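Geometric and topological summary
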Amino acid sequence: MEAGGGPPLLPDSVLYEIFLYLDHVDVLSAGLVCRQGHAVARDEFLWKELFSRYYCISREVPRHPAAISWYDEFQRLYDTIPCVEVQALKEHNDQVLHLSFSHSGCLFASCSKDCTVKIWSNELDISLQHSSNMRPYNWSYTQFSQFNSDDSLLLVSGVFVGPHNSSSGEIAVISMENFTLLSRVRNKPYDVFGCWLNETNLISGNLHRIGRITSCSVLWLNNAFQGIESENVNVVKRLFKIQNLNASTIRTVMVADCSRYDSPDLLLDYEEQLAASSTCPVFDLGSDSEEEEAKPKQTPETAVQELLDDGGVTAEDGLQQFFDDIMEGCVRPAMTETELETKVAELFVRNRTKPPELNLLSTDSNSKTKYLIFTTGCLTYSPHQIGIKRILPHQMTTAGPVLGEERRSDEFFDSLDHVIDIHGHIIGMGLSPDHRYLYVNSRAWPRDCVISDPMQPPPIAEEIDLHVFDLKTMKEVKRALRAHRAYTPNEECFFIFLDVSRDFVASGAEDRHGYIWDRHYNICLAKLQHDNVVNSVAFSPVEQELLLTASDDTTIKVWRSPRTVRIQQARKLRPRKLLFSWLMNQKS
């Protein structure tokens, strides 16, 4: 029953659950439970106390900025969470790996181990609109998709099987007008995935081996319409060339638009923001004290840097001196082949890298600047760092030299503008709708672990940490969200896609559930059950009370909020009531 035309009161069953949970037997006699038309008391102080105890949050946490009262917050968290399963889509015949909505919310795409990308129409009852099989193009499976900003094109990323059964990645661009394949772009390694930079240009990767554990990642800007462009117009341009050490590579690229940072949809509470030095571009989540975070850790690169600086020598002189010491047996203790390769690579790259942008944090809110965000590393092959590189307006087109802007001989590589060290294996990333906050799924390494062999990363925790970073300040905000779990070891670890709406964040997990948290209160609100690993989740961009989950059980489940289900049921019943009324009138 609705009160005063507003939203319905919390059901008796929910109120009883709250009070029984709090063991507030005396409160029941105070008339707080609604019974057959009796209103619920709206005492703000009492409801705040109940809210903090029921959800186990501090009393100091302020109310959601859009909330009118704490009672309304109880109502919102009960009634608007997409936790009611309304449909199960079973058209895929193998593991479903990824889901993505169009910006309008009218369509969504799904990728699967069955090597198809399927396009679905998002209506009251979701239906399959189109299916593209990528096996004729020697794909093994599809793994990721993304609509461009005007929803006219779909980027589809997959694993490509090449000569001698070698595997790499490939990106396909599909027209949403007639579902034709417009272009294909190689993408290496395949878990770069790829992403749109703007309406017609997408970013792909390539990897060049320099040594056994040293490589170079090149990020390319590609025109989506390569097949119909004039031969006099560039369809590809090199964006960045970045050196990789210790078997690391660049993976999982995404683009953040900086233009909305000063007007986010939801400004997160900064009281729990981690202390970090504003002058240090790298901060480590594994340290306990401010002193540790303020002092850069001694990495092989900084050790070599200090050695060269103390002697006042150039990189070339340092490299020659290093080789002379090896020949004379002066290098102690004896270095392994892996350590030797890393040391030489560090010395070589020292004076051959373009310096980073110095004013990354002072981005003009009206600027067209964007951030390229990706996973990387420096200690081992498992991705444990987030790299951030600014893309300037003149770099957002394929016009100009194919190899990018002219470089000096001492600027062979590009440096990263900012690095965030996660101290664990990164298994998922997602941006808030306003692109202000970056959410990162990771599995932590043991505290104070030491990596002596880049091919033997530390063991990773089963518990997944969901970190939140403010891309305007480059600092972590709030404490890590927890609840979901994963079980595969480092060498078998796979990506678990998460998604963020205005008020909620959701993620898959290996424990056969999807999870939903409230972004403001940092609390887990719902577990969504599947029969196997949940690989991906996706909120509708226009209706956060609709969520999709994709699983290894080959199904896509559709979840809606109790409020939405109630409204839809009422709409279905209304025509029957009208028909009954018309029949009764005819009889009379």
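Throughout, residues of each chain are indexed from 1 in the direction in which the sequence is written. Reporting of local features is limited, given that this is a predicted model, to residues whose pLDDT is at least 70; pairs of side-chain atoms are given and counted only at 80 or more, and all residues count toward the totals for whole chains, interfaces and linings. The basis for the side-chain values is all heavy atoms of the structure; hydrogens and waters are excluded.

Identification of the chain as FBXW5 protein from Pandion haliaetus is taken from an unreviewed UniProt entry.

**Notes on the sheet that holds strand β11 (residues 201-209)**
To keep things clear, this is the line we draw: Strands qualify as paired when DSSP identifies two bridges or more between them. Helix and strand definitions follow DSSP, with helices as H or I runs of at least four residues and strands as E runs of at least two, each counted in order from the N terminus.
Overall, antiparallel pairing links the 4 strands, which are arranged β10-β11-β12-β13 in an open sheet. On the outer flanks of this sheet lie β10 (195-196) and β13 (236-244), each paired with one strand and no other. Sheet topology note: the β11/strand β12 (residues 215-223) ladder contains 9 bridges and is antiparallel. In the strand pairing of β12, Arg-209 is matched with Ser-215.

**Some words on the UniProt feature "repeat: WD" (unreviewed entry) in the chain**
How we decide: UniProt positions are given in the numbering used here, feature names are shortened, and annotations may be inferred rather than shown by experiment.
Here, the residues flagged by UniProt with the feature "repeat: WD" (unreviewed entry) are residues 89-121 and 527-559. Counting secondary structure, residues 527-559 comes out at 0% helix and 70% strand; the distance between its end C-alpha atoms is 11 Å.

**Concerning the packing of helix α3 (residues 44-54) against helix α4 (residues 70-79)**
In plain terms, the rule: For every element, the axis is a line fit to its C-alpha atoms; helices are fit only across the contacting stretch, and the angle between N-to-C directions ranges from 0 to 180 degrees. What sets the label is the angle itself: under 35 degrees gives roughly parallel, over 145 gives roughly antiparallel, 65 to 115 gives roughly perpendicular, and the rest give oblique. Whether two residues touch is decided by their heavy atoms; if any such pair falls within 4.5 Å, the residues are in contact. The classification used treats Ala, Val, Leu, Ile, Met, Phe, Trp, Tyr, Cys and Pro as nonpolar, Asp, Glu, Lys and Arg as charged, and all other residues, Gly among them, as polar.
At a closest axis distance of 8 Å, the pairing of α3 and α4 adopts a crossing angle of 40°. As judged from the angle between their axes, α3 and α4 are oblique. Facing Glu-44, Trp-47, Lys-48, Leu-50, Phe-51 and Tyr-54 of α3, the residues of α4 in contact are Trp-70, Tyr-71, Glu-73, Phe-74 and Leu-77. Partitioned by chemical class, the residues of the contact of α3 with α4 number 8 nonpolar, no polar and 3 charged.

**Let's talk about the confidence of the model for the chain**
Our working definition: Per-residue confidence from the predictor is reported as pLDDT, a score between 0 and 100.
Confidence along the chain averages 80 in pLDDT terms, with 71% of residues attaining 70 or more. Counting interchain partners and residues more than four positions distant, the pLDDT-below-50 stretch residues 22-40 has 36 contacts. The low-confidence segment residues 269-313, where pLDDT is below 50, has 66 contacts with residues more than four positions distant or belonging to other chains.

**Digging into the sheet that holds strand β4 (residues 116-121)**
Read across the sheet, 4 strands follow the order β2-β3-β4-β5 without closing on themselves; strand pairing throughout is antiparallel. Edge positions in the sheet fall to β2 (96-101) and β5 (127-133), since each of these pairs with one other strand and no more. Going from strand to strand, the sheet's axes swing by 20° on average, the running direction of each strand aside. Direction of pairing for β2 relative to strand β3 (residues 107-112): antiparallel, over a ladder of 5 bridges. From the neighbouring strand, Val-96 faces β3, where its bridge partner is Ser-112.

**Topic: α4**
To be explicit about the condition: For the exposure calls, accessible area comes from a 1.4 Å probe over protein chains only, and a residue counts as buried if that area is under 20% of its type's maximum, exposed if over 50%, partly exposed in between.
The buried count for α4 comes to 8 of 10 residues, which makes it a mostly enclosed element. Taken as a whole, α4 has its buried residues at Trp-70, Tyr-71, Glu-73, Phe-74, Gln-75, Arg-76, Leu-77 and Asp-79.

**Describing the nonpolar core**
Most often, soluble globular proteins have nonpolar side chains that are buried together. For clarity, the cut-off: Only buried Ala, Val, Leu, Ile, Met, Phe, Trp, Tyr and Cys residues count toward a nonpolar core, and they belong to the same one when joined by side-chain atoms within 4.5 Å. Residue ranges assigned to each domain were obtained from an automatic or database domain assignment.
Judged by nonpolar contacts, the single largest core of 24 residues is most densely connected at Phe-51, Tyr-55, Ile-516, Tyr-521 and Leu-547. Contributions of two or more residues to this core are made by α3, α4, β26 (504-507), β28 (523-529) and β29 (534-540). Two domains share this core, each providing at least three of its residues, namely domain 1 (12-80) and domain 2 (84-263 + 367-403 + 410-446 + 458-571). Once you skip the residues sitting within four places of it in the chain, Phe-51 turns out to touch Cys-56, Ile-57, Trp-70, Glu-73, Phe-74, Leu-77 and Tyr-521. In terms of nonpolar packing, the next biggest core, distinct from the first, is built from 18 residues, Cys-258, Tyr-261, Ile-422 and Phe-469 among them.

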